[in-house]
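Below, each chain spelled out in residue letters.
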Amino acid sequence: MRIARFSIDGNVAFGAVEGDRPDELVLDIIKGIPFAEFELSGTKVPLSKVRLLPPVLPNKVVAFGRNYADHARELGNEVPDAPFAFFKPSTAVIGPGDEIQYPSFTEDLHHEAELAVVIGRMCREVPRERVKDVVFGFTCANDITARDVQKREKQWARAKGFDSSCPLGPWVETGLDLQAASDLTIQLTVNGEQRQLGRTSEMIHRIEDLIVNITEAMTLLPGDVILTGTPAGVGPLNVGDEVAVTIEGIGTLTNKVVKRG
C-alpha cells in the first residue's frame, strides 16, 4: 500500500494511493493515522486535486554516510568499517514539489539520492531478526548537502541540516519487505539528465545493520526516518534546477531549487 500525507481545503489527512496511471491516481482517505490500526473511509479524491506533503513528520532523521563504496571513493573518503551516522533536524524536511532553498552560506550545493526507511513503532535495542517488525515502509529521499561547508566544518550540522535539505516522498510504500528493498534501482536526474544510477544492493551496511546500530544508542519513534546512503554520481545543483529521485517500486520525488529569499 502507498500511504500519502496531503492537504485539501485547508485540512491535512493521510490516504491510500490507488491506481497505476499517474493521471488517474486517487486517494482513499484514511480514518486515523497509519501507525496504528486504521480503516479506509471509502471517500476518494483525485491526487491531482490535493497538495502532497512530506509523507511523515519525523521526530528525527538519522542519516548514514559513506554507505556505498563508490560514493565514498568519489569524494576521496575511506569506506567506514562500521555504520557512520549523522542527523538532520525535522525542520530540514520538505515534501514532493516543495522548493529546495539554496542557502546563502554555500557555493557548492549537491544532490544525494537515497532510500529512506520509515519507522512504524517505538523501538530500542532492536535485534536483527526483529527489524522487519519496526519498519513501516520506504520512501524516496534527497540528502541535499552544502559540500564546501561539509569539507570545511568538522560537524555536518549546517552542511546537511539546513532548512529544505531533506526532501521526502512522494509517499510511503508499505508493500516492500526488507529483502525486496535491499535490491532496488535508485536513480537521480537533474533537468531530465541522469546523474546517479545504482542499486540498493550496493550498500555496505544493510538496512538491518543500520537499524540495529542506531537503536543500540537511542529510541526510534513512529515516523522517524532512516536515510541509508547514496550511490556514486553526486554533483552540483544550481538555482532553477529540477531534481528528481526515482526508486524502483516506490515512485519519484521531484523538487526545484530556488534562491533562498
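In what follows, the structure referred to is the one given above.
Attention here is on the structure that accompanies the text. Positions within a chain are numbered from 1, following the residues in the order the chain's sequence is written. Residues qualify for local features only when their pLDDT is at least 70, as the model is predicted, and side-chain atom pairs are given and counted only at 80 or more; totals for whole chains, interfaces and linings, by contrast, use all residues. The basis for every side-chain value is the complete set of non-hydrogen atoms in the structure, without hydrogens or water.

**So, the sheet that holds strand E20 (residues 251-259)**
Reading across from one edge, E9-E20-E19-E15-E16 is the order of the 5 strands in this open sheet, with mixed pairing throughout. Every interior strand has two partners, whereas the edge strands, strand E9 (99-102) and strand E16 (193-199), have only one. The sheet shows a mean angle of 20° between the axes of neighbouring strands, direction not considered. Pairing between strands is defined by DSSP: at least two bridges between the two strands are required. Labels follow the DSSP assignment, with helices taken as runs of H or I lasting at least four residues and strands as runs of E lasting at least two, numbered in each case from the N terminus. Every angle, taken between N-to-C directions, lies between 0 and 180 degrees, and every axis is a line fitted to C-alpha atoms, over only the stretch in contact when it is a helix.

**Side note on the sheet that holds strand E18 (residues 235-236)**
Strand order in the open sheet made by the 3 strands is E13-E10-E18, with antiparallel pairing throughout. Two strands lie at the open edges of the sheet, namely strand E13 (145-146) and E18, each paired on one side alone. Here strand E10 (residues 109-111) runs beside E13; their pairing, made up of 2 bridges, is antiparallel. Paired with Leu 109 across the two strands is Ala 146, which belongs to E13.

**Topic: the side chain of Glu 173**
Of note, Glu 173 is situated in strand E14 (residues 166-173). Summary of buried charges: Glu 173 has no salt-bridge partner, and the nearest side chain of opposite charge, Arg 2, is 4.7 Å away. Note on definitions: a residue-residue contact is assigned when non-hydrogen atoms from the two residues lie within 4.5 Å. Leave out the neighbours within four places in its chain, and Glu 173 touches Met 1, Arg 2, Gly 137, Phe 138, Gly 249 and Ile 250. Summary of the burial criterion: residues with accessible area below 20% of their type's maximum are buried, those above 50% are exposed, and those between are partly exposed, where the area comes from a 1.4 Å probe applied to protein chains only. Think of it this way: Lys and Arg go in the positive column, Asp and Glu in the negative one, and His and the chain ends go nowhere. The working definition used for a salt bridge is a side-chain nitrogen of Lys or Arg within 4 Å of a carboxyl oxygen of Asp or Glu.

**Here we look at helix H6 (residues 207-215)**
Residues of H6 that are buried: Ile 207, Glu 208, Leu 210, Ile 211, Ile 214 and Thr 215. The buried residues of H6 occupy an angular sector of 165° when projected down its axis, which confines them to one face. The directions from the helix axis to the C-beta atoms are what the arc is built from.

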